[in-house]
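# Observations on chain architecture
Below are the chains, spelled out letter by letter.
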Amino acid sequence: ADEKKKWGWTNNVGGADFLVLEGTDGKRILNGPMKTFRIASGPCLTETVYTGRTTDGKIDQTVVASLYRTDDCVRGIFRVYYSARERVDFKRLVLFQAGADHYSYTGEKKIAVGNETGLVKEWNTQWGGTDPEHGVNRTEPLRLDGQVPWVSMHDAASRDKTGTGAWANRGIIVRRWNAKIGGKSALPFVVERGATVRGEPTSLVDIVPPPNVTKLEPGDFVDAEFELVVVPQKADDYYGPNESLRRALEKHGNSAEMIRREAVGNDLKVDATLGTVTRLFPLNIRVGEGKGKELATFTVRGGVGYVPLCFTGMSQYGPFELAERKDGQETVVDQSVFGNDFWQTDFDPESGKYRVAYTIPFDNPDDSPAERTFLFRKR
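Residues numbered from 1 in each chain as written. Predicted model: local features only at pLDDT ≥ 70, side-chain atom pairs only at ≥ 80, totals over all residues. Heavy atoms only, no water.

## Thoughts on helix H2 (residues 257-265)
- All of the buried residues in H2 are Met 258, Ile 259, Arg 261, Glu 262, Ala 263 and Gly 265.
- Among the structural elements, strand S6 (74-84), strand S13 (150-157), strand S14 (168-181), strand S19 (221-232) and helix H1 (243-252) are those in contact with the buried residues of H2. (Buried < 20%, exposed > 50% of the residue type's maximum accessible area, 1.4 Å probe, protein only. Helix = DSSP H or I, 4+ residues; strand = E, 2+ residues; numbered from the N terminus. Contact = heavy atoms within 4.5 Å.)

## What to know about the packing of H1 against H2
- The N-to-C vectors of H1 and H2 enclose an angle of 140°; their axes lie 10 Å apart at closest approach. As the angle between them shows, H1 and H2 are arranged oblique. Judged by residue contacts, Ser 244, Leu 245, Ala 248, Leu 249 and His 252 of H1 engage Glu 257, Met 258 and Arg 261 from H2.
- In the contact of H1 with H2, the residues fall into 4 nonpolar, 2 polar and 2 charged. (Axes fitted to C-alpha atoms, helices over the stretch in contact; angles between N-to-C directions. Parallel < 35°, antiparallel > 145°, perpendicular 65-115°, else oblique. Nonpolar A, V, L, I, M, F, W, Y, C, P; charged D, E, K, R; others polar.)

## Observations regarding the packing of aromatic side chains
- Throughout the structure, instances matching the rule amount to 16 aromatic pairs.
- Between the aromatic rings of Phe 96 and Phe 226, the centroid separation amounts to 4.9 Å while the plane-to-plane angle is 15°, which identifies the pairing as stacked. Of this pair, Phe 96 sits in strand S8 (residues 92-98) while Phe 226 is found in strand S19, placing the two residues 130 residues apart along the sequence. In terms of burial, Phe 96 and Phe 226 fall into one category: buried. (Phe/Tyr/Trp six-rings, centres within 6.5 Å; stacked < 30°, edge-to-face > 60°.)

Nothing here speaks to function; it is all geometry.
Okay, structure coming up:
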């Protein structure tokens, strides 16, 4: 029986990792000692920094991980920075992966790669490694190019032994990429990794350096931003209020189109007439000084689900308000249920400034990109 329990625990389709490094002898070189800094703990936006160095002392690394409030599906955002301190010879180097070599409870039957123009390639997966301890690359490295490269992992098979509950698909979106690998400017590549994880055969997606690169030179780096998306397989699996997601699932459920929709839909175009855009996703705007109480004025085009809007550089924690301008009229954004419960303020001890975060629904009924103008100001 496929019994569904509203608000019960969902099935586990998780698993991801960063900087998987194996030396020329095939042995894993671990990340450590790692330090963790919690910058923001929610409820609108989380931000946690993990920083450290590989145990051989050769690669510095920083990963900034975030989740944000929405009503449709889970999106994890990972900003990574790796820097080689000295030459590193390797047999295998993975810059980001989903699932993980030692943690994965699902298996997708299909993988697809594309960008803003659409699907580039799709294939059937080949689960399992050469032995229980070591995986094997099932495909040749495939270059990820375009403005928003994406990888879809879909047609996932349920591993739930009880046979209850819905399953889900996953995808990786490359939101930003800048790298020098092997002493040269480099694009990311993707391979399917057949593996046996916790006794079960499966396939992983590995984001890797260009083919035939087997070393990092001193000064090589990767400065990138990956988004990991988990989407329901079909409309009947989703019982939330987001009708745009429901319609998309009815039309494109259990296909690569769901990840393409995320990649292109949240490829935001932002024009700030007051304030400075410092990051596109999550959108961060450093406030300026305008007439009267205005701190930032900007227009956003695009958006799927709730889009995080963050304002930085304030010398006080409030009071502030966000307003939307439409047809010459201004409407103050108010999502409150119990008063001031729809925005978040965090203090940055390094700069001595405050940040305010909101998440705003941007869906359009036909998934066409919305264009909306906002004002952030003192109240």
